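Fold and geometry: a report
The chain contents come next:
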Amino acid sequence: MDRFLTEKVKKAFLVIATVALFVFILFPPAVLFLTSIKTELDALSFPPKWFFQPTLKNYAAILKTSPLIGYAVNSLIVASLNTIACVVIGSMAAYSLARYKFKGSENIAFWMLSIRMMPPVAAIIPIYILMKNVGLLDTPWCLVITYLTFNLPFVVWMMKGFFEEIPRELEESAFIDGCSPLNAFIRIALPLVAPGLAATAILVFIFSWNEFLFALILTGTKAVTLPVGIIGFMKETGINWGYMTAGGILALVPVILFTMLVQKHLVKGLTLGALK
Amino acid sequence: MAGHMLDIVLKNLKKKFDNGFVAVHNINLEIAEKEFLVLVGPSGCGKSTTLRMIAGLEKITEGEIYIKNRLVNHLMPKDRNIAMVFQNYALYPHMKVYDNIAFGLKMRKIPKPEIDKLVHEASEILGIEDLLHRRPRQLSGGERQRVALGRAIVRKPDVFLFDEPLSNLDAKLRVQMREEIKKLHERLQTTIVYVTHDQVEAMTMGTRIVVMKNGVVQQVGKPLELYEKPLNLFVAGFLGSPAMNFLNARVVEERGAFFVKDDHFSLTIPRALKNRYSELKEKEVIFGIRPEHIFDKTLTDPFPNGESLKAKIEIVEPMGSVVVLVARCGTSKIIASVDSKTKARPHVEMDFLLDMSQMHLFDKEFEEAY
Ligand SMILES: Nc1ncnc2c1ncn2[C@@H]1O[C@H](COP(=O)(O)OP(=O)(O)OP(=O)(O)O)[C@@H](O)[C@H]1O
Ligand SMILES: [Mg+2]
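Residues numbered from 1 in each chain as written. Chains lettered and ligands numbered in written order. Predicted model: local features only at pLDDT ≥ 70, side-chain atom pairs only at ≥ 80, totals over all residues. Heavy atoms only, no water.

1. Focus: the sheet that holds strand β9 (residues 208-213) of chain B
Hydrogen bonding along the main chain pairs the strands of a sheet, whether they run parallel or antiparallel. All names here are of chain B. Read across the sheet, six strands follow the order β6-β7-β8-β3-β9-β10 without closing on themselves; strand pairing throughout is mixed. Each edge of the sheet is formed by a strand with only one pairing partner; in this case those strands are β6 (82-85) and β10 (216-221). The average undirected angle you get between the axes of adjacent strands in this sheet is 15°. Examined bridge by bridge, β9 and β10 share five bridges and lie antiparallel to one another. In the sheet register, M212 faces β10, and the bridge partner there is V217. Together, β3 (36-40), β6, β7 (159-163), β8 (191-196) and β9 form the strand contacts of helix α1 (residues 47-55), whose direction differs from that of β7 by roughly 150°. (Pairing = 2+ DSSP bridges. Helix = DSSP H or I, 4+ residues; strand = E, 2+ residues; numbered from the N terminus. Axes fitted to C-alpha atoms, helices over the stretch in contact; angles between N-to-C directions. Contact = heavy atoms within 4.5 Å.)

2. Considering the site of ligand 1
Residue and element names in this part refer to chain B. Inspection of the region around ligand 1 gives F17, N19, F21, A23, S43, G44, C45, G46, K47, S48, T49 and E164 as its neighbouring residues. The separation between an oxygen atom of ligand 1 and a polar side-chain atom of S43 is 2.5 Å. Interatomic distance of 3.1 Å between a backbone N/O atom of C45 and an oxygen atom of ligand 1. Here ligand 1 loses 62% of its free accessible area of 640 Å² to cover by the protein chains. (Near = heavy atom within 4 Å. Polar contact = N/O pair within 3.5 Å; in protein donor to acceptor, adjacent residues only side chain to side chain. Areas by Shrake-Rupley, 256 points an atom, 1.4 Å probe, with all protein chains shown as cover.)

3. As for the nonpolar core
Within soluble globular proteins, side chains that are nonpolar tend to cluster in buried spots. Core analysis: the biggest nonpolar cluster contains 63 residues, and A:F163, B:I65, B:L161 and B:V193 have the highest contact counts within it. If you look at the next biggest cluster of nonpolar residues, it comprises 46 residues, including B:I128, B:V147, B:A148 and B:L239. (Core = buried A, V, L, I, M, F, W, Y, C linked by side-chain atoms within 4.5 Å. Buried < 20%, exposed > 50% of the residue type's maximum accessible area, 1.4 Å probe, protein only.)

4. Thoughts on the interface of chain A and chain B
Across the boundary between the two partners, chain A contributes 17 residues, which contact 23 residues of chain B. When the two sides are added together, the surface that chain A and chain B hide from each other amounts to roughly 1700 Å², 66% of it contributed by carbon and sulfur. With a shortest N-O distance of 3.0 Å, B:R155 and A:D177 are connected by a salt bridge. Here chain A is connected to chain B by 11 residue pairs in polar contact (both at pLDDT 80 or more). Among the elements of the structure, α8 (168-176) and α9 (181-210) of chain A are those that each provide at least two residues to the side of chain A that touches chain B. The element best represented in the side of chain A that touches chain B is α8(A), accounting for seven residues. Partitioned by chemical class, the residues of the side of chain A that touches chain B number nine nonpolar, four polar and four charged. (Buried area = accessible area lost by both parts, 1.4 Å probe. Salt bridge = Lys/Arg side-chain N within 4 Å of Asp/Glu carboxyl O. Nonpolar A, V, L, I, M, F, W, Y, C, P; charged D, E, K, R; others polar.)

See below:
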């Protein structure tokens, strides 16, 4: 009897903690959403109004009057190209670091990781000058390339871990069955880390989609991405909270849909090895 | 190479790992066609490393490997026409059993109908036809083992390489698979190199055995040859269970006869072996005798070359067909496997009869057999 009781208390505590955590995490997006369906008057009232007449006016306005769709297309191009490049280059690099130990291979792996330790701001001026000199400023390419700097080390480290989890005999068995090293990579190693690769790709996509600082500096008019575009509603004459929050929600939707779609892989991928 | 065909030749084969550790020293070995060669030795003696060099999975530091008269040192594993079965089976988890078996054929661009035929043929031999549509993780250990065998035999390779394929199975299944692999060998008539640390497997399966220790080949020969005429203390102690008894002793000559002698025993060396050991007069040696060549004196009629020895029983272990007795004679431990009718009880002194025609003598310093 006693044990059941403590079990129940434990469970209740867990539920409460989970709910509290969710409220904490979901509060900002909830406010974002509520603000996006308020009229300008309701949005600015203080204390904030919890009951009001919802409206889609903001959404209609930004979709009609601002080039938000164009920004979204830019974001999509940048994020997808970056993700593809990261996955292709990163998984190959990770595989060779995991499987072919040579003098200094551990140092190379660490050096890659150390790039991520650098604050992005530190690199922004050199990158700006570089991009200007090669004439890539204000194109999607300059963002695709710049994001590689930050996403590739992440992909390499994630994937290196996944590849190291695969028993070596599987590839050795494939060699004996007639595979070249490249064949063994494509037919054996890659399918086995597929869930992990998918999870990593999602995280990379989300990073590229949301990135703000570099996008702000490196683009001007043609290659503007969503986060930078949304900031455009911040004018000298004042901030249009309704437009900004509606833009924010629209930027969130694809990410949420995408994540829900691949959620199964995400969980499987991030716990790869633990499940085995 | 006329006459009988050699399938694998290892010439001065050596493996030094990057950390400087030499795992295999200078192995020379000729493996004939259709042979079932077992590499046996304690953990870490370099068996797997040798096998993996034959497979092409491990770089060769020095020496040469020939498979079917072809130098393969620089050939990739895929070009050596070998098949290998790993200890943990190494089945591809993302493929069904059928595709696991078919994979090697697909990689060799064999037409689909032909693949289908071969896969079904192989799975019929191994009795795994019902499993073809399962995934490896839905199989028991024994079934995985069969699939791994299927994957190996389906390609009809020149050589099979096995690396401790039975060590993950329970005792009963191990005995069963041992028989099946032997039968498979008879049926397919393909050369097998089989690695194990289990001397029973080595004795029962191999047509020839290679005993290794610390990367050095100790002895090569037919199972019984190694069992009856071990070249050194290590081989003598490694093969056979329970292991051979070793007692420190001295060879002495008294009135024309030779004895193996210690403070607690004195055993006459058979006349037939006298010449062989005559050089050893007054020498300190190690005397070896197998447990099955020691008898309970009360249950055994005297026989030629049977010599008595008194020892105090410490442990009595009934094994069913025999009783294993652990006894003490002075400072030496003696293990005997005697008739199960024995009346031996712990802490009681009893008389044993040793069959001295089966005795061994070893050099005390170099541990080599005389
Ligand atoms: N990559 C490596 N680098 C350094 N030393 C190694 C390496 N691989 C194996 N060794 C060493 O080489 C020796 C022989 O290893 P090997 O795997 O051939 O032993 P084994 O006879 O197969 O033993 P087991 O019965 O345990 O499988 C061992 O001492 C091992 O520690
Ligand atoms: Mg081994």
